[in-house]
Amino acid sequence: MSAHHIKRLVIMRHAKADWPGGVADHDRPLEERGHRDAPFAGRWLLKHGLAPDFILCSSALRTRQTCTWVCYELGDKAPTPKLEGGLYGASGLRMLSVVNQVPDTVTTLMLISHMPGVQDLAMHLASRDSNHDAYMDAATRYPTSALTILETEKPWAELDGQDARLTKFKVPRAS
């Protein structure tokens, strides 16, 4: 892949959420560990030169809170996130249809959403030349705050399966 045509997709599962009684799933907040872990994702993205120029975020409270922490750490490099109701409870293929609508002016796209959709999307897009260890990690476990980085030269609208190289899988955590 030629470096100047590469697009990057950063797929993130929201940070650890709480299960308070009487609260609808959509309105579940992050628990204390989630508030500690989420900022590490933003720091990790900055450290690896992966600050997104566009963020799609599920409308659920826990994803919005995760996104707020990531953007806080990205500082002036943080784009204004777009809340996407269609990402809540979405399958990997539904998430892909949202990604397919992103303008090609976006070179690094971040998507913050939920299991099992985030893992399904990553596995659906991962090409045969993906990093083996990163692929196996993403395929076998996808804990809260997990980040998957995929690279492609294709326009967002043309992504349909096994056409992005999975390069990294990381679970940033507060120690």
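Structure shown above.
Quick look at the structure, then. (Residues numbered from 1 in each chain as written. Predicted model: local features only at pLDDT ≥ 70, side-chain atom pairs only at ≥ 80, totals over all residues. Heavy atoms only, no water.)

Section: the overall build of the chain
Scanning the chain from terminus to terminus reveals 5 helices and 6 strands. Seen in sequence order, the chain has helices and strands lined up from the N terminus as β-α-β-α-β-α-β-α-α-β-β. For 175 residues, the compact-globule formula gives about 16 Å, and the C-alpha radius of gyration of the chain, at 15 Å, lands near that figure. For the chain, the C-alpha atoms occupy an extent of roughly 50 × 30 × 30 Å along the three principal directions. Residues classed as buried in the chain amount to 49% of the 175 residues present. Sequence separation of 24 or more characterises 78% of the internal contacts of the chain that already satisfy a separation of 6 or more. (Helix = DSSP H or I, 4+ residues; strand = E, 2+ residues; numbered from the N terminus. Rg over C-alpha atoms; globule rule 2.2 N^0.38 Å. Buried < 20%, exposed > 50% of the residue type's maximum accessible area, 1.4 Å probe, protein only. Contact = heavy atoms within 4.5 Å.)

Here's the deal with the environment of Ala174
If you trace the backbone, Ala174 turns up in the segment after strand E6 (165-170). Separated by 149 residues in the primary sequence, Ala174 and Asp25 place their C-alpha atoms 25 Å from one another. Here Ala174 is in contact with Arg36, Asp37 and Phe40, once residues within four sequence places are set aside.

Any functional reading would require information that these geometric values do not contain.
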